[in-house]
Each structure stands twice: as structure tokens, then as C-alpha cells.
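Coordinate inspection notes
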Amino acid sequence: MQIDPILAIRDLGSCVKFTRKQGLLNSAGHLVLLTVLAVIPLQVRAAELSRPNILFLAVDDLRPELGCFGEPVISPNIDRLAAKSVRFDRAYCTVPTCGASRASIFTGLRPTATRFVTASTSAQKDAPGTVTLNTHFRNHGYHTVSLGKVFHIPGDNAHGWSETPWVPAGVPEYFAAENMTLHEQRAKIGEKPDRGPAWESADQPDTDYEDSMIATRAIADLQRICRSDKPFFLAVGFKKPHLPFVAPQKYWDLYDRDQIESPKDYLVPQGAPAEAIHDWGELRHYSGIPQTGPVSDDAARKLIHGYKACISFVDSQIGQLLNELDVLGLNDNTIIMLWGDHGWNLGEHTLWCKHSCFEVSMRVPLIVHAPGISPGSTQGLTELVDMYPTLCDLAGIPLPDHLQGDSLVPLLRDPKRQWKSAAYGRFRQGNTVRTEQFRYTQYTNNTGHILSQMLYNHVADPGENTNIAVDKDNASISETHSVLLSDLKLQSGDAP
Ligand SMILES: [Ca+2]
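Bear in mind the structure is a predicted one, so any value in this text is a computation, not a measurement. (Residues numbered from 1 in each chain as written. Predicted model: local features only at pLDDT ≥ 70, side-chain atom pairs only at ≥ 80, totals over all residues.)

1. A look at helix α8 (residues 210-225)
- Under the 1.5 Å per step criterion, the end-to-end length of α8 is 22 Å for 16 residues, consistent within 8% with the ideal 22 Å.
- Within α8 the residues assigned to the buried category are E210, D211, S212, M213, I214, A215, A218, L222 and I225.
- On its buried side, α8 packs onto β6 (143-148), β9 (232-238) and α10 (297-327). (Helix = DSSP H or I, 4+ residues; strand = E, 2+ residues; numbered from the N terminus. Expected span 1.5 Å × (residues − 1). Buried ≥ 20, exposed ≤ 12 C-beta atoms within 10 Å, placed from the backbone. Contact = placed C-beta atoms within 7 Å.)

2. Some thoughts on the pairing of strand β21 (residues 450-457)
- Relative to β21, strand β20 (residues 438-444) runs antiparallel, the two sharing 7 bridges. In the strand pairing of β21, T441 is matched with M454.
- Between β20 and β21, which pair antiparallel one after the other, the connecting turn spans 5 residues, and G448 there sits at a positive phi close to 90°. (Pairing = 2+ DSSP bridges.)

3. As for the confidence of the model for the protein
- In this model, the protein carries a mean pLDDT of 92, and residues with pLDDT of at least 70 account for 91%.
- Note on residues 1-12: pLDDT under 50 across the span, and 21 contacts to partners over four residues away in sequence or across chains.
- In the predicted structure, residues 18-44 sits below a pLDDT of 50 and forms 49 contacts with residues beyond four places in sequence or in another chain. (pLDDT = per-residue confidence, 0-100.)

4. Side note on the packing of α8 against α10
- Two elements in contact, α8 and α10, have axes separated by 9 Å at closest approach and are oriented at 10°. Overall, the two elements α8 and α10 adopt an arrangement that is roughly parallel. Every residue of α10 that contacts α8 at D211, S212, A215, A218, I219 and L222 is listed here: F313, V314, Q317, Q320, L321, E324 and L325.
- Taken together, the residues of the contact of α8 with α10 sort by class into 8 nonpolar, 3 polar and 2 charged. (Axes fitted to C-alpha atoms, helices over the stretch in contact; angles between N-to-C directions. Parallel < 35°, antiparallel > 145°, perpendicular 65-115°, else oblique. Nonpolar A, V, L, I, M, F, W, Y, C, P; charged D, E, K, R; others polar.)

5. Things to note about the nonpolar core
- Core analysis: the largest hydrophobic core is formed by 124 residues, its most contacted members being L57, L234, F245, M337 and L391.
- Among the elements that take part in this core, α10 stands out by supplying 12 residues, more than any other.
- Split by domain, the residues of this core number at least three in each of domain 2 (51-420) and domain 3 (426-491).
- Every residue in contact with M337, bar those within four places of it in the chain, is listed here: F56, L57, V368, M387 and L391. (Core = buried A, V, L, I, M, F, W, Y, C linked by C-beta atoms within 7 Å. Domains from an automatic or database assignment.)

Here it is in C-alpha cells:
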């Protein structure tokens, strides 16, 4: 097909593409521009031009701890996005650890016992030959760009990006001198704790921090690629609120420590098996965190405070990017999909970090803004593996046969409709399924023998504090879910 150059007309900073037949394709058009249009000869490349741009926003380790999800967190920018989007109240990752979750998202495949297992998973190693989300969009005429933490390993599926994936280099982990020194010293010793503190509130400008650099680069790239002759797929991965909880002081000051509550559901659930509880080794890497036993009550509240401060900080960076989208006039022809890669325990069940099969480890924020879709919210069970087919569907490009998720477009159009009956996930020896009323988890040994089960009734016990699988009266519910789990494992390409 002959590709003709597309005229990108700048007017008051906007980035609006026109063709003779289609005229104004995006918002922020002005009558004066339509006059200009009439006198400039243009060829039409309607199919590609009419395809929406995609802004794919990943926020590392973000659980639905946001104002728009009803939580006491200051997140005005994501809330503003949610107000014009569909908010998914029951969206789940497929595996609660960074690399594995992202590999699942980008391949559109669910995890198995041997695929997408660890935090440092490489999608191209675990699923060789699979056409990933970025590659698929590149193959269908999109200009694809990766900034920040998108795949866990920046070079993973790099051929699927139109430009070399970019991550900031040389940004310090800490800014307070004593923390920088401690971090270096502990790293040299190489014994846990081998990192600096789990939190820091330094009086530094935003621009010193990695996520600010990612936002700045994203804004500059947006200004550039919106004038490309192709629609763009811009993936931007922010690093906070991943540990350590390092954010400028002003974001900590948004919260009164005295008002920060101690962890919710701060106990091992009644009847929970040993397999369900881990030692949150990720947090124990940080100086000041005990190597055994619980953190102090003061430290628990500092961790919660720090998590919220990092969310407010990253929200501010995201806000700047969303503002630029407005300035460039791209809102009406850009899909925005914001997601967290897995949940996070803030003390629930005595756990910190991710890496469990509890609801709080599996549940993620998912917000989708798409042209022509009315704002709203849905209780439909959704999985992050659904994002790949959804984006294809919204963009009008074919869905690859290998995808294991479902397009959410019918749910976007009718958020109250009946939807899928189960969301599947796993972590190491745990396989878990969320249904309308229950979360059921099964732990097995290496030969598939069932070691233990958990069943939580989310109507009676949304905090998952009582494992009712130990009650024989619930055996039939557990059995039904066990069969469902086997079916889902088979569908995922795993042994039942
Ligand atoms: Ca993560």
C-alpha cells in the first residue's frame, strides 16, 4: 500500500491529524484549521489514521489504593482519569510478582507451573515465538514505544518496539546522604539487610526522581510521536509505589501520620494453612526491618504512610502526562489503560509485599478510557490477561489465536452485564480462583498432590479472615471450585 505523508497541523500546541475525507480526527480542532485543511492537498489513509492511539500506563506494585476506588489516598489525577473511564472493581493479576505478571500481560497467556513463575521472568524465554502485545501492534501499523518499567527486563521482546526501550540511567535509590551511605555499605556487605531503608522522605524536587524523569520523557515523546504518520502505542511504566517507599517530603506531608491506621486484618486467617503465609523476604532486604518476626507498630504505619506518599507522588507524574494529552488534543482518539501489575499486602494476614494467593495480592487497579465508551464502573470479574484482546478489539485489529483472555469491550459498553464466572491465578504451589462469591486456593506439591485448601466467602468475610474450607459443610463448594480450577489450568496449558 502506498503510504502518503499525513499532515500534522499544530495549532496552539495541539497535535491533530487531518485528511481530506475524514477531516478532523481528534478533538481540539478549530475552525481556522478546517480552513487550512481545505487548501492543502492530502491523500487519505483512513484505516490507519482512524485507529486510536494507545497510552498504556503501568504502575509498579500498585494495588487499588486510590481515591477513585474509595480508599483514603490522595490521587486526584488518576481519579480524574477514572471519572471519564470505566473502573474495574474486580480486576486480578494472573500471577502476583512483577516479571511473571508482565510476561502474562504482554503475551496474553496465563501462567502455568513452568511458565511465568518468577519476578524476573522473561516473556521471550518462557513463551518463545509468541507474538506479544507490542509486537502485534507494531505489525499492524502502530509506532510502539516503551518508557520506564514495562516488561520487567527492558530488552525482553525489544523487536516489538519501534524504538529502543528507554529507562532512566544512574538515578540514585535514595537522596538523604545517610541513606545513600547506608545503602552502599549494606550492598557491599551483601548480607540481609543488603539495601538502605524501606522509606525516605527527603526535601528534594520531583525532578530528581526516576518517575519524574519517566514522565518528562513520556511528555517529550508524546509531542514527537503524535506527529508520526502512524498511530502510537506508548507504554509508560512508573516505578513507584514499589519499595523502597522513597518520595519527596511534600507527598508524605499530604498525610498525617497520626491518622494513618494500623494494618487491616492483621492476623493469620483462622484455619489458614502454612503454605498461605510467607516471610515477606522482599521487605526484609531493607535496613531497619527485622530479619525475623513482625515489624513494630510504628514501622507498620510508616510503611503504610510511605506507600500512600509514593502513590500521591506517582499520581502527580501521571497527571502531567495526562495534561499533555489534553494540550495536544489527543483525548478523543486515544485509549488510556492504567493498571497495576499485582496487588500488595500492607500487613493484611501478617503479610507485606505480594507473593500470596490472597485477594489483596491478586486484586489490581484497572482503568480503561476509550473513545465512544461512557464512564462507569463494573463488578465483572476481569483478568489482566484480558487487556491484550481488549486493546486489539478497541483498535480494530485482529485478535491473535493464542490469546487466553477475553476482550472486555462488551463489558466496557455495558458494565452491568453478566460477565465471566471466574478469574484464575497462581503463585508457585498455589492455584487460586475468584468467583462471584468465593476465592478458592489449592496448594499442591510437585507431583500435584493437594496439600491444603483455602475457601473464603467474600459476602460474609471480604477481608478473608476465616478459611471455611476446613468446615466439612463447605466440601461441595470446595469441590466445585476444585473442578473449576482444574478446567482453568487445562485451558491455560497446564496439567489439571
Ligand atoms: Ca510489580
